[in-house]
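# Working through the structure, step by step
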Amino acid sequence: MIREFDLTGRLAVVTGGAAGIGRAIAEVLAEGGARVVIADRNLAAATALAATLNGVALALDVTDAEAAEAAAAGLARDHGAPAILVNNAGIVQNAPALEVNLADWRRVIEVNLHGVFHTARAFGRHMVAAGAGSVVNISSICGEVAVHPQPQAAYNAAKAGVNLLTRSLAVEWAGKVRVNAVAPGYTATELTLLGRSKPEWFDTWLRGIPMGRLADPREIALAVAFLASDAASYITGTVLTADGGYTAI
Ligand SMILES: NC(=O)c1ccc[n+]([C@@H]2O[C@H](COP(=O)([O-])OP(=O)(O)OC[C@H]3O[C@@H](n4cnc5c(N)ncnc54)[C@H](O)[C@@H]3O)[C@@H](O)[C@H]2O)c1
């Protein structure tokens with residue numbers, strides 16, 4: 001075992017950690033030795049997972065900035081500042097730009113961009129005060145390229161915002177807390193169920209991926225674990241793409 005990869009005893013918060021990529025992240029960080037806090041709007045699922053990982057479940061909707069501050073203050077009081085924060089909670093909605101209703105547009109930006117800011121700031125203030133830690137934001141290939149054929153301008157715009165938010169926080173918090181992002185390509189979770197059920201979308205996706213397959217959530221989680229660990233001690237402000245080559249062509 002390379003000692004810099006060891007996460008033994010580190011307190012790690014994972015938003016949206018009850019399912020999909022967030023669940024895999026919680027599992028991998030726990031495997032690495034971290035004490036994982038699963039913060040999700042689905043408390044029942046978070047509680048069930050926390051029980052299997054000897055972790056902690058927290059009910060949190062990332063769109064609620066005050067709730068995020070309260071959760072972070074409570075955690076800091078009971079367990080100290082987190083060493084690792086993974087801002088993973090996210091949603092997708094598919095609608096053409098000319099037709100999308102503004103409530104849907106705002107909801108996607110609210111969860112995927114504002115949500116990352118709320119939790120980064122709420123938990124980040126305790127990490128910055130402690131003078132150490134690693135934040136990993138879950139972005140997407142959609143923050144770099146406009147994927148097709150599914151229309152999702154709000155999602156893409158939010159993820160592009162996450163990339164620059166990542167770099168901005170990395171610069172502001174440099175020397176104290178590292179801030180990076182992982183940009184997954186298409187991954188086999190609930191979020192891609194609709195697209196996987198539509199051959200006209202799914203075939204286009206697969207043709208665009210040189211490796212010819214979707215990611216398993218664990219493959220994304222392992223990239224997160226690297227950035228979260230001391231193995232990445234000189235890496236901050238970067239967006240690590242894990243996409244089977246999708247954005248290479
Ligand atoms: N699946 C993919 O192909 C893919 C690709 C690139 C990026 N991503 C990103 O990865 C992250 C996780 O996606 P996933 O595929 O695992 O999704 P998922 O739908 O499988 O799981 C999302 C989890 O987030 C939680 N969640 C949703 N909204 C929340 C909120 N407002 N507050 C707290 N928790 C909330 C859900 O309860 C769920 O546990 C998202 O940010 C997504 O944009 C996914």
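Read on for an overview of the structure. Keep in mind it's a predicted model, so treat the numbers as computed, not measured. (Residues numbered from 1 in each chain as written. Predicted model: local features only at pLDDT ≥ 70, side-chain atom pairs only at ≥ 80, totals over all residues. Heavy atoms only, no water.)

## Quick word on a nonpolar patch on the surface
Together, M1, I2 and F5 give the surface a local cluster of nonpolar side chains, amounting to about 360 Å² of exposed area. Mapped onto the secondary structure, F5 falls in the segment before β1 (11-15). (Patch = residues over 30% accessible without salt bridge, like charges linked within 9 Å, V, L, I, M, F, W, Y side chains within 5 Å. Areas by Shrake-Rupley, 256 points an atom, 1.4 Å probe, with all protein chains shown as cover. Salt bridge = Lys/Arg side-chain N within 4 Å of Asp/Glu carboxyl O. Helix = DSSP H or I, 4+ residues; strand = E, 2+ residues; numbered from the N terminus.)

## A look at the pairing of β1
Counting buried residues in β1 gives five out of five residues, a clear majority hidden from the surface. Burial of β1 is two-sided: the residues L11, V13 and T15 facing one way and the residues A12 and V14 facing the other way are all buried. As paired elements, β1 and strand β2 (residues 35-40) share five bridges and run parallel to each other. From the neighbouring strand, A12 faces β2, where its bridge partner is V36. Here three bridges tie β1 to strand β4 (residues 84-87), and the two strands are oriented parallel to one another. (Buried < 20%, exposed > 50% of the residue type's maximum accessible area, 1.4 Å probe, protein only. Pairing = 2+ DSSP bridges.)

## Notes on the environment of S134
For S134, the location among the structural elements is in strand β5 (residues 134-138). Here S134 falls in the buried class, since its relative accessible area comes to 2%. For the pair S134 and N180, spaced 46 residues apart in sequence, the C-alpha separation works out to 7.9 Å. The contact partners of S134, leaving out residues within four places of it in the chain, are A83, I84, L85, M127, V177, R178, L227 and A228. (Contact = heavy atoms within 4.5 Å.)

## Here's the deal with unusual backbone geometry
In this structure, the amide linkage connecting H148 to the following residue, P149, adopts the cis form with an omega of 10°. By the element assignment, P149 lies in the loop between β5 and α5 (153-172).

## Structural notes on the packing of helix α3 (residues 65-79) against helix α4 (residues 102-130)
Packing of α3 against α4 brings their axes to within 8 Å, and their N-to-C directions diverge by 25°. The angle between α3 and α4 places the two elements in the roughly parallel class. By crossing handedness, the relation of α3 to α4 is classed as right-handed. Taken together, the residues of α4 that come into contact with α3 (itself represented by A65, A68, E69, A71, A72, A73, L75 and A76) are H118, T119, R121, A122, F123, R125 and H126. Looking at the contact of α3 with α4 residue by residue, the class counts come to nine nonpolar, three polar and three charged. (Axes fitted to C-alpha atoms, helices over the stretch in contact; angles between N-to-C directions. Parallel < 35°, antiparallel > 145°, perpendicular 65-115°, else oblique. Left-handed = near helix turned anticlockwise from the far one by under 90°. Nonpolar A, V, L, I, M, F, W, Y, C, P; charged D, E, K, R; others polar.)

Spatial relationships are all this shows, so hold off on functional conclusions.
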